[in-house]
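Given next are the chains, with one letter for each unit.
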Amino acid sequence: VRIRERLAGAKLAYFLRSGGDLVDRVLPVGFDVIGVSADVDLGRFSAAGAVTQGNVDNQVLLGPIDGIAPAVRAAHASLRGRRNHIFNLGHGIL
């Protein structure tokens, strides 16, 4: 919270890697963007004002090409209608 005071007007982003159990602790901080790894359920952010980013496991690119579309659809469905999401691969590129 103190950093928000020091950087008034700045947008704050946080990457929550494999931290699904920390969602409830991160939300009250008030980050503008929360990057998440593929193991974090995007539905947990449904009431949050923060933009989420990520959530497609980059390992899917190493599998059969017909596995990509289902992974993207599953991530999209987990948004539960939210529109404040930046869709991309999870952490890192292979």
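Residues numbered from 1 in each chain as written. Predicted model: local features only at pLDDT ≥ 70, side-chain atom pairs only at ≥ 80, totals over all residues. Heavy atoms only, no water.

1. Some points on the sheet that holds strand β3 (residues 51–54)
Turning to step 1, where the next piece is worked out: Read across the open sheet, the 4 strands follow the order β1-β2-β3-β4; overall the sheet is parallel. Among the strands making up the open sheet, the edge pair consists of β1 (13–16) and β4 (85–86). (Pairing = 2+ DSSP bridges. Helix = DSSP H or I, 4+ residues; strand = E, 2+ residues; numbered from the N terminus.)

2. Remarks on the environment of valine 72
Turning to step 1, where the next piece is worked out: Within the secondary structure layout, valine 72 lies in helix α3 (residues 68–77).
Turning to step 2, where the next piece is worked out: The class of valine 72 is partly exposed, set by a relative accessible area of 34%.
Turning to step 3, where the next piece is worked out: The sequence separation of valine 72 and leucine 89 amounts to 17 residues, and the corresponding C-alpha distance is 9.5 Å. (Buried < 20%, exposed > 50% of the residue type's maximum accessible area, 1.4 Å probe, protein only.)

3. Topic: the pairing of β3
Turning to step 1, where the next piece is worked out: Pairing of strand β2 (residues 33–36) with β3 involves 4 bridges; the strand directions are parallel. Bridge assignment links valine 36 to a residue of β3, and that residue is glycine 54.
Turning to step 2, where the next piece is worked out: Pairing geometry for β3 and β4, over 2 bridges, is parallel. Note on β4: the bridge partner recorded for threonine 52 is histidine 85.

4. Quick look at the nonpolar core
Turning to step 1, where the next piece is worked out: Membership of the largest hydrophobic core is limited to 12 residues, which are Leu12, Leu16, Val23, Val26, Phe31, Ile34, Val36, Val40, Leu42, Phe45, Ala50 and Leu79.
Turning to step 2, where the next piece is worked out: Listed by contribution, the elements that provide at least two residues to this core are α2 (23–26) and β2.
Turning to step 3, where the next piece is worked out: In this structure, phenylalanine 31 is in contact with Arg4, Leu12, Ala13, Tyr14, Val26 and Ala50, ignoring residues within four places of it in sequence. (Core = buried A, V, L, I, M, F, W, Y, C linked by side-chain atoms within 4.5 Å. Contact = heavy atoms within 4.5 Å.)

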